[in-house]
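Results of the structural survey
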Amino acid sequence: MSRVAIVTGGTRGIGAAISRALHAEGHKVAANYAGNEEAAAAFHRDTGIAVFKWDVSDFDACAAGVARVADELGLVNILVNNAGITRDSMLHKMTLEQWRAVIGTNLNSLFNMTRPVIEGMRERGFGRIVNISSINGQKGQIGQTNYSASKAGDIGFTKALAQENARKGITVNAVCPGYTETDMVRAVPQDVLEKSILSQIPVGRLGQPEEIARCVLFLASEQAGFITGSTLTVNGGQYL
Ligand code: CAA
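Residues numbered from 1 in each chain as written. Predicted model: local features only at pLDDT ≥ 70, side-chain atom pairs only at ≥ 80, totals over all residues. Heavy atoms only, no water.

Around the ligand sit 20 residues, and of these Asp88, Lys93, Ser134, Gln141 and Tyr147 come closest. One of the side-chain N or O atoms of Gln144 is found 2.9 Å from an oxygen atom in the ligand. In the environment of the ligand, an oxygen atom lies 2.7 Å from a nitrogen or oxygen atom belonging to the side chain of Tyr147. For the shell around the ligand, a count of residues per class yields 11 nonpolar, seven polar and two charged. (Near = heavy atom within 4 Å. Polar contact = N/O pair within 3.5 Å; in protein donor to acceptor, adjacent residues only side chain to side chain. Nonpolar A, V, L, I, M, F, W, Y, C, P; charged D, E, K, R; others polar.)

Structure follows, in structure tokens:
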């Protein structure tokens with residue numbers, strides 16, 4: 001059955017792979033982006049997927065964005081909260097701006113995006129919400145107190161929201177990608193990536209965005225109706 005899906009941060013990296021996978025499954029996809037016009041235009045050209053610009057850390061912008069998607073594509077019944085940023089720094093050097101930016105985009109966004117869609121999903125008796133957390137929300141990471149806190153928060157949010165809505169046909173799950181081949185991971189200093197990260201991945205390589213997208217596609221499907229509140233770990237065995 002064709003549904004309307006929003007993928008935040010849906011024009012680049014893991015989000016782009018998720019948007020493509022949902023689109024290929026026959027869903028109407030709104031790929032949200034915040035700033036990178038060039039990447040969004042190229043993504044739209046390549047895929048034909050509709051792109052919508054708003055900042056997920058801004059509550060009012062999210063409400064307006066959801067309303068625009070509903071007008072243009074229809075009522076939203078799949079939400080993938082994928083947008084995420086890093087501002088890596090040891091805590092003793094971290095600025096308040098770095099802390100706030102990461103919590104705003106990676107954690108506050110889950111409230112901002114879910115609040116405008118959840119009532120409609122409850123009324124219609126169907127919804128799929130998938131929150132993209134991270135291995136580093138599960139295990140912590142040097143240089144990422146902000147990011148790890150936000151991603152651990154995403155898991156708590158997922159579990160609470162899953163319980164609130166289990167009787168309403170709505171499932172809420174988290175996916176925790178490990179280190180995946182995207183611009184975000186390419187920004188990690190090369191020596192750290194080789195010495196401290198790749199050596200810790202039993203599968204012996206980085207993940208591919210499509211490997212994360214396939215999991216999201218399954219969790220967003222009708223068939224996954226008995227899976228809710230779960231945390232799906234997709235990290236090549238790096239953290240068990
Ligand atoms: N694992 C183990 N050790 C690490 C590490 C890591 N990922 N990152 C840094 N370290 C170590 C360094 O090797 C260094 O050790 P020594 O003092 O023994 O040399 C120590 O921590 C301090 O590091 P730096 O000297 O490099 O300090 P800095 O202030 O210049 O930079 C840093 C610190 C910002 C954390 C930088 O090292 C860095 O960017 N590290 C990578 C952090 C990381 O893994 N981020 C993940 C981004 S990808 C992502 O977030 C996606 C996802 O969900 C998985």
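What follows is about the pattern of salt bridges. Counted under the stated rule, the structure contains six salt bridges. Between Arg115 and Glu119 there is a salt bridge, with its nearest N and O atoms 2.9 Å apart. Of this pair, Arg115 and Glu119 both sit in helix H4 (residues 96–124), four residues apart, roughly one helical turn. A relative accessible area of 38% means that Arg115 is categorised as partly exposed. Look at Glu119 and you get partly exposed, because its relative accessible area is 46%. The partner of Arg205 in a salt bridge is Glu211, and the shortest N-O contact between them spans 2.9 Å. The exposure class assigned to Arg205 is partly exposed, which follows from its relative accessible area of 40%. (Salt bridge = Lys/Arg side-chain N within 4 Å of Asp/Glu carboxyl O. Helix = DSSP H or I, 4+ residues; strand = E, 2+ residues; numbered from the N terminus. Buried < 20%, exposed > 50% of the residue type's maximum accessible area, 1.4 Å probe, protein only.)

In this structure, the second largest pocket occupies an estimated 170 Å³ of space. Every residue lining the second largest pocket is listed: Met1, Arg3, Leu22, Glu25, His27, Phe126, Leu217, Ala220, Ser221, Glu222 and Gln223. Class assignment for the residues of the lining of the second largest pocket results in five nonpolar, three polar and three charged. (1 Å grid on protein atoms, 1.4 Å probe; cavity = no way out; pocket = protein on both sides within 12 Å on 5 of 7 lines; lining within 4 Å. Points joined across faces, edges and corners; volume = space filled by probe spheres on them.)

So, about helix H9 (residues 209–219). Every buried residue belonging to H9 is among Pro209, Ile212, Ala213, Cys215, Val216, Leu217 and Leu219, and all of these are buried. Packing partners of the buried residues in H9 comprise helix H1 (13–24), strand S4 (78–81), strand S5 (127–132), strand S6 (170–177) and strand S7 (231–234). (Contact = heavy atoms within 4.5 Å.)

Scanning the model with the defined rule gives zero disulfides in all. Free of any disulfide, Cys176 has its nearest cysteine sulfur in Cys215, 11 Å distant. The exposure class assigned to Cys176 is buried, which follows from its relative accessible area of 0%. (Disulfide = S-S within 2.5 Å.)

Moving on: the pairing of strand S1 (residues 4–7). In S1, alternate side chains face the same way, and those of Val4 and Ile6 on one face and Ala5 and Val7 on the other are all buried. In this fold, the crossover linking S1 to strand S2 (residues 28–33) by way of H1 has right-handed handedness. When S1 meets S4, the two strands line up parallel, connected through three bridges. The residue bridging Ala5 from the neighbouring strand is Ile78, located in S4. (Right-handed = clockwise from strand over helix to strand, strands pointing away. Pairing = 2+ DSSP bridges.)

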